[in-house]
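Summary of the model geometry
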Amino acid sequence: MEKLYSHNIRDLIKVDLHRHLDCSVRWSTLIELAPLVGIPLADTVQGQKDQFLITGPMTDLGSVLNKFLNAQKVLASEEILTRIAYEACEDAFNDGIRVLELRYAPTFIADGHSELNFEKIHRSLAEGVLLAKKTYPMAVGLICIVQRIKSYDVAAEVVDFAIDKKGSFVALDLADNEDGFDPKIFAPLFQKAKKAGLHLTVHSGETPNSAPWVKDSIEILGAERIGHGIQIINDPAVLNFVKEKKIPLEICPISNYLTQSFKTYEEHPIRKLMEAGVQVTVNSDDPGVFATTLSDDYEVLHRVHGFTKADFARCNQIAFNASFISESEKNQFKKDFF
Ligand SMILES: [Zn+2]
């Protein structure tokens, strides 16, 4: 098998369809800003990493949530939001990404930040993206996340906001833990968003036994792509359905290991899904909180599943075609992938 070194992988031109902007804060920015917003830093570097980062498989959900919340507290002003959006694009560009979709949940960022509202949050993040695009040749799109753990009324408010800003959002997403949160109740909201011209993706089939939700997310919510979807490997009927509908999966290998969707990288089904004819893409999910890059995900796939340059090229072609960014914007980068 061809051997790919880190720099070979970093130099590959990539698409990232699944990256949470609010969990992509650069490490140096995080520890610079934390004391300024009232989060005292631990004395040691390891202690600081333990405060904010998830670098090993999760066992204790409580401490994981605390880390997300610590990182969220840093997102405290419009200036900070513009900066982190700019830097998220910059980091992605430096990792070889030329087509980038960044998603965020207005409700997650707004929580506890009384001086921010959806309007200010979106304007600040969109400004950061715009500045980055002036500096770096890349296509960037924003996706609005509905948190399924919030009430239906809050979800409706977020969907109306996304529709109102459809000029600067390319799509709507449904995220957070699926266990006990039936996606079907959101169907009217997703249909409304679709009618208004937004694309749809849904986090589904991430945790064990969640394959049936994938079919519901496609059939009932109208998802055009699925975030994760890896559990369909355990449900041949759903796998066939996804394959026949040609619904791309936004797969995030390191994230799936850290959340223990699969116990080891060896057990991760990405290769089997590819071989079964499912449309597979490779993405980073939360590179800030995981202290990773998309290239790290590629390295895992190269090392553990023997992914070659040709495999990565195929995934990136699928991702390019599946990107919700307008044809006119992304086609400037088409020659990098085909
Ligand atoms: Zn995600």
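In this report, the structure presented in the accompanying data block is examined. (Residues numbered from 1 in each chain as written. Predicted model: local features only at pLDDT ≥ 70, side-chain atom pairs only at ≥ 80, totals over all residues. Heavy atoms only, no water.)

Concerning the coordination of the zinc ion
Taken together, H18 (NE2), H20 (NE2), H203 (NE2) and D285 (OD) make up the full set of protein donors to the zinc ion, lying 2.1 to 2.4 Å away. Its 4 donor atoms give the zinc ion angles of 84 to 170° at the centre, a pattern that matches the irregular case. Here the donor residues of the zinc ion are spaced in sequence according to H-x1-H-x182-H-x81-D. (Donors = N, O, S within 2.8 Å, 3.2 Å for Na, K, Ca; no water. Tetrahedral: all angles 85-135°; square planar, octahedral: opposite > 155°, others 65-115°.)

Overview of the pattern of salt bridges
According to the stated counting rule, one finds 21 salt bridges in the structure shown. For R26, the salt bridge is made with E87, and the minimal N-O distance between the two is 3.8 Å. Pair noted here: R26 is in the loop between strand 1 (14-20) and helix 2 (27-33) and E87 is in helix 5 (residues 78-94), with a separation of 61 residues, a long-range link. Residues E250 and R225 are paired through a salt bridge, measuring 2.7 Å at the closest nitrogen-oxygen approach. In this pair, E250 is assigned in strand 7 (residues 249-251) and R225 in strand 6 (residues 225-228), connecting sequence segments 25 residues apart. Take E250: its relative accessible area is 0%, and that puts it in the buried class. On the basis of relative accessibility, which here comes to 1%, the residue R225 falls in the buried class. (Salt bridge = Lys/Arg side-chain N within 4 Å of Asp/Glu carboxyl O. Helix = DSSP H or I, 4+ residues; strand = E, 2+ residues; numbered from the N terminus. Buried < 20%, exposed > 50% of the residue type's maximum accessible area, 1.4 Å probe, protein only.)

A look at helix 15 (residues 294-305)
For helix 15, which comprises 12 residues, the first-to-last C-alpha distance of 16 Å matches the rise-based estimate of 16 Å (1.5 Å per residue) to within 8%. Residue G306 follows helix 15 closely and has a positive phi angle near 65°. (Expected span 1.5 Å × (residues − 1).)

So, the packing of helix 8 (residues 152-164) against helix 9 (residues 187-195)
A pair of packed helices is characterised by two quantities: the angle between their axes and the separation of those axes. For the pair helix 8 and helix 9, the least separation of the axes is 10 Å and the interaxial angle reads 5°. One finds that helix 8 runs roughly parallel with respect to helix 9. Only P188, L189, K192 and A193 of helix 9 make contact with helix 8, whose side of the interface consists of Y152, A155, A156, V159, D160 and I163. When the residues that make up the contact of helix 8 with helix 9 are grouped by side-chain class, the tally is 8 nonpolar, no polar and 2 charged. (Axes fitted to C-alpha atoms, helices over the stretch in contact; angles between N-to-C directions. Parallel < 35°, antiparallel > 145°, perpendicular 65-115°, else oblique. Contact = heavy atoms within 4.5 Å. Nonpolar A, V, L, I, M, F, W, Y, C, P; charged D, E, K, R; others polar.)

Let's talk about the environment of Y298
The residue Y298 is located in helix 15 in this model. Residue Y298 is classed as buried on the basis of its relative accessible area, which comes to 1%. As a C-alpha pair, Y298 and L189 span 109 residues in sequence and 35 Å in three-dimensional space. Contacts of Y298, omitting those with residues within four sequence positions, involve I9, L12, K14, V282, F312 and N316.

As for the pairing of strand 4 (residues 171-175)
Of all the 5 residues making up strand 4, 5 are buried; the element is thus mostly covered by neighbouring parts of the structure. Two elements, strand 3 (residues 139-147) and strand 4, share 5 bridges in a ladder whose sense is parallel. What sits directly across from I143, in strand 4, is A171. With helix 8 bridging strand 3 and its parallel neighbour strand 4, the resulting β-α-β unit is right-handed. Here strand 4 pairs with strand 5 (residues 199-204) via 4 bridges, running parallel. Note that in strand 5 the partner of L174 across the bridge is V202. (Pairing = 2+ DSSP bridges. Right-handed = clockwise from strand over helix to strand, strands pointing away.)

Focus: the packing of helix 7 (residues 118-135) against helix 8
At a minimum axis distance of 11 Å, the contact between helix 7 and helix 8 shows a crossing angle of 45°. Here helix 7 is positioned oblique relative to helix 8, judged by the angle of their axes. The crossing of helix 7 and helix 8 is right-handed. The residues of helix 8 that touch helix 7, namely those facing F118, E119 and H122, are E157, V158 and F161. Partitioned by chemical class, the residues of the contact of helix 7 with helix 8 number 3 nonpolar, 1 polar and 2 charged. (Left-handed = near helix turned anticlockwise from the far one by under 90°.)

Focus: the environment of L75
Within the secondary structure, L75 sits in the loop between helix 4 (61-73) and helix 5. Classification of L75 by relative accessible area gives buried; the value is 0%. With 99 residues separating them in the primary sequence, L75 and L174 have C-alpha atoms 21 Å apart.

A look at the state of the cysteines
For the structure shown, the criterion picks out 0 disulfides. A disulfide-free cysteine, C252 has its sulfur positioned 12 Å from the sulfur of C23, the nearest such atom. (Disulfide = S-S within 2.5 Å.)

Here's the deal with the packing of aromatic side chains
Scanning the model with the defined rule gives 12 aromatic pairs in all. When the centroid spacing of 5.5 Å and the interplanar angle of 40° are considered together, the rings of F320 and F337 count as tilted. Linking F320 in helix 16 (residues 309-322) with F337 in the segment after helix 17 (327-330), this pair joins segments that are 17 residues apart in sequence. Judged by relative accessible area, F320 falls into the buried class, the value being 1%. Exposure remark for F337: the relative accessible area of 8% places this residue in the buried category. An angle of 75° between the planes, with centres 5.6 Å apart, marks the rings of F320 and F338 as edge-to-face. (Phe/Tyr/Trp six-rings, centres within 6.5 Å; stacked < 30°, edge-to-face > 60°.)

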